[in-house]
2 protein chains.
Amino acid sequence: MNKIYVVGIGPGAYDQMTGKAIQALRDSDVIIGYTVYVDLVKDHFSDKTFMTTPMKKEVDRCVLAFEEAQKGQTVSMICSGDAGVYGMAGLMYEVGVGYPQTELEIIPGVTAATGGAAVLGAPLIHDFCLISLSDLLTPWEKIEARLLGAAQADFVVCLYNPSSKKRHDYLKRACELLMTYKSPDTVCGIVSQIAREGEESRVMTLRELSDTQVDMFTTVFIGNSQTRNIGGKMVTPRGYRNV
Amino acid sequence: MNKIYVVGIGPGAYDQMTGKAIQALRDSDVIIGYTVYVDLVKDHFSDKTFMTTPMKKEVDRCVLAFEEAQKGQTVSMICSGDAGVYGMAGLMYEVGVGYPQTELEIIPGVTAATGGAAVLGAPLIHDFCLISLSDLLTPWEKIEARLLGAAQADFVVCLYNPSSKKRHDYLKRACELLMTYKSPDTVCGIVSQIAREGEESRVMTLRELSDTQVDMFTTVFIGNSQTRNIGGKMVTPRGYRNV
């Protein structure tokens, strides 16, 4: 039985990795990942063999990991944030059906939702939804239904993949759908390059957000009906009753 | 200007803390938290002063932190998991309005959703909602509306605080609501004592979950329509299209 670690390296900064994630990478011969993530950790594990595959070659990346493990190498597959949130952990189990002699150990990390929330203040204190605006693998109608459902039930909403070259107007469309049930004055926030060089954040209203251009390295937060702007921080209270 | 760190210590094991969280605790004179969380870290920071307040005394705990900071102490307020997910970060900003000379730094951690997901496999790979079943500060009707909204829009659902002495039947009620839109065969999972001694997990159907008793140290996962049981692991695919 050989083993592959599937490791969430956190938002970017080395000091936001967990001890367990660092140990897994130290124990590995080979570290595999998307080029951008490999560059984030490379300097701290300079004695390792690094292998990368480009974006959209995720299945190939999984196969590569299992093939290396079969050669007797200890392998870590790395993901930014948490490996189990829009990460590689799921696909590794799916591809792993063909490699029954290899065991997976998933090592969690700080995902962009909680990493970004810490920068903005405390937007996710109460019930929230994570929704990806990427319609590469999900029909847009399904994404729309989720945005409407989340808005109607007064969830805080955190958006991943809010934009890309082909999808430059998706955030605007999402905001307009959310405004079916959420006030245009709802407190919102955006964080880009979380825990990386050039980190930036801004708190604004939902109306302002709908006219804001963001890039693919931005995570977007839309408050619930109770979320407030306290001294420039986005803060959601614990509940709806004062106790 | 003095500073308080609000620190997510992760699910429980020391090696699931981030380097940044460890550094904040090392830099502190005083570490404040709920008794159970203080016990989780105490042995690793034995030269610090620890202060605890019991459950439901969260406002007192915040005031204590600000008062200690005003005396010139460097203070860390610790929370299990992530300080910004049903944690103390929000209340610290609210109470902090009365202490404008104190700055807060929120240090994110691995929350029970992603820590538990790593134990079960990969249930949170796609859009998901976090819902707390505690109706102490939230009207039950609001929780019901969120359960129904999440089920109708086919989100994966992760439940925090699924049970307590007074709320022993809440998980059953939640499952029945979810079954309005989700199949009773939906793949579900539970994890208790995540990353602590006695960690246990189980994968089952939604029908089975509705007849399962859990305690307050359990996190519950309900899949979406695509979630599968792969060799005893709970795995949600990346999307709805095969690419």
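Use the structure listed above.
Draft legend 1. Representation of the state of the cysteines in the model. Taken as a whole and judged by the stated rule, the model has 0 disulfides over all chains. Residue cysteine 79 of chain A stays outside any disulfide, its sulfur separated by 8.6 Å from that of cysteine 62 of chain A, the closest cysteine.

Draft legend 2. Expanded view of helix H3 (residues 58-70) of chain A. Residue and element names in this part refer to chain A. With 13 residues, H3 extends 19 Å from end C-alpha to end C-alpha; this agrees with the ideal 18 Å at 1.5 Å per step. Taken together, the buried positions of H3 are occupied by Glu58, Arg61, Cys62, Ala65, Phe66, Glu68 and Ala69. Projected onto a plane normal to the axis of H3, the buried residues spread over an arc of 160 degrees and lie on a single side. Turning to H3, the residues buried within the fold contact strand S1 (2-8), strand S2 (30-34), strand S3 (49-53), strand S4 (75-79), helix H4 (89-96) and strand S5 (102-107). Just beyond H3, the residue with positive phi is glycine 72, at close to 95 degrees.

Draft legend 3. Layout of the pattern of salt bridges. Residues and elements named next belong to chain A. A full pass over the atoms with the stated rule returns 24 salt bridges over all chains. Residue lysine 3 pairs with glutamate 105 through a salt bridge whose shortest N-O separation is 2.8 Å. In this pair, lysine 3 sits in strand S1 while glutamate 105 sits in strand S5, placing the two residues 102 residues apart along the sequence. For aspartate 47, the salt bridge identified is with lysine 48, shortest N-O distance 3.9 Å. Relative accessible area serves as the criterion here: at 63%, aspartate 47 is assigned to the exposed category.

Draft legend 4. Spotlight on the packing of aromatic side chains. Tallied over the full model, the rule gives 10 aromatic pairs over all chains. Between tyrosine 14 of chain A and phenylalanine 45 of chain A, the aromatic rings sit 6.2 Å apart at their centres with planes inclined by 55 degrees, giving tilted as the arrangement. Placement of tyrosine 14 of chain A in the loop between S1 and helix H1 (19-27) and of phenylalanine 45 of chain A in the loop between helix H2 (35-41) and S3 is noted, with a sequence separation of 31 residues between them. Judged by relative accessible area, which is 2%, phenylalanine 45 of chain A ranks as buried. An angle of 80 degrees between the planes, with centres 5.2 Å apart, marks the rings of tyrosine 34 of chain B and tyrosine 37 of chain B as edge-to-face. Looking at tyrosine 34 of chain B, the relative accessible area reads 16%, which means it is buried. Sitting above the plane of the tryptophan 140 of chain A ring, arginine 173 of chain A keeps its charged end 4.6 Å from the centroid. Lying over the aromatic face of tyrosine 170 of chain B, arginine 173 of chain B brings its terminal NZ or CZ to 4.9 Å of the ring centre.

Draft legend 5. A look at unusual backbone geometry. Residue and element names in this part refer to chain B. The backbone of aspartate 154 shows a phi angle near 60 degrees, a positive value even though the residue is not glycine. Position of aspartate 154 among the secondary structure elements: in the loop between helix H6 (140-152) and strand S8 (156-160). At glutamine 193, a position not held by glycine, the phi torsion is positive, near 55 degrees. Within the secondary structure, glutamine 193 is located in the loop between strand S9 (187-192) and strand S10 (200-205). A residue is classified by how much of its surface remains accessible, and glutamine 193, at 25% relative accessible area, is partly exposed.

Draft legend 6. Fine view of the nonpolar core. Core analysis: the biggest nonpolar cluster contains 52 residues, and Leu159 and Leu209 of chain A together with Leu159 and Leu209 of chain B have the highest contact counts within it. Other than its neighbours up to four places away in sequence, leucine 159 of chain A contacts Ile131, Leu133, Leu147, Leu171, Ala174, Thr218, Thr219, Val220 and Ile222 of chain A.

Draft legend 7. Representation of the relation of the copies chain A and chain B in the model. With an axial shift of 0.0 Å and an RMSD of 0.0 Å, the rotation relating chain A to chain B amounts to 180 degrees. Interpreted geometrically, this transformation is the action of a two-fold axis. Most of the interface of chain A is mirrored in chain B: 100% of its interface residues are interface residues there too.

Conventions and cut-offs
Residues numbered from 1 in each chain as written. Chains lettered and ligands numbered in written order. Predicted model: local features only at pLDDT ≥ 70, side-chain atom pairs only at ≥ 80, totals over all residues. Heavy atoms only, no water. Disulfide = S-S within 2.5 Å. Helix = DSSP H or I, 4+ residues; strand = E, 2+ residues; numbered from the N terminus. Expected span 1.5 Å × (residues − 1). Buried < 20%, exposed > 50% of the residue type's maximum accessible area, 1.4 Å probe, protein only. Arc of directions from axis to C-beta. Contact = heavy atoms within 4.5 Å. Salt bridge = Lys/Arg side-chain N within 4 Å of Asp/Glu carboxyl O. Phe/Tyr/Trp six-rings, centres within 6.5 Å; stacked < 30°, edge-to-face > 60°. Lys NZ or Arg CZ within 6 Å of the ring centre and 35° of its normal. Core = buried A, V, L, I, M, F, W, Y, C linked by side-chain atoms within 4.5 Å. Least-squares fit on C-alpha atoms with pLDDT ≥ 70 in both.

That is the geometry; function is a separate question.
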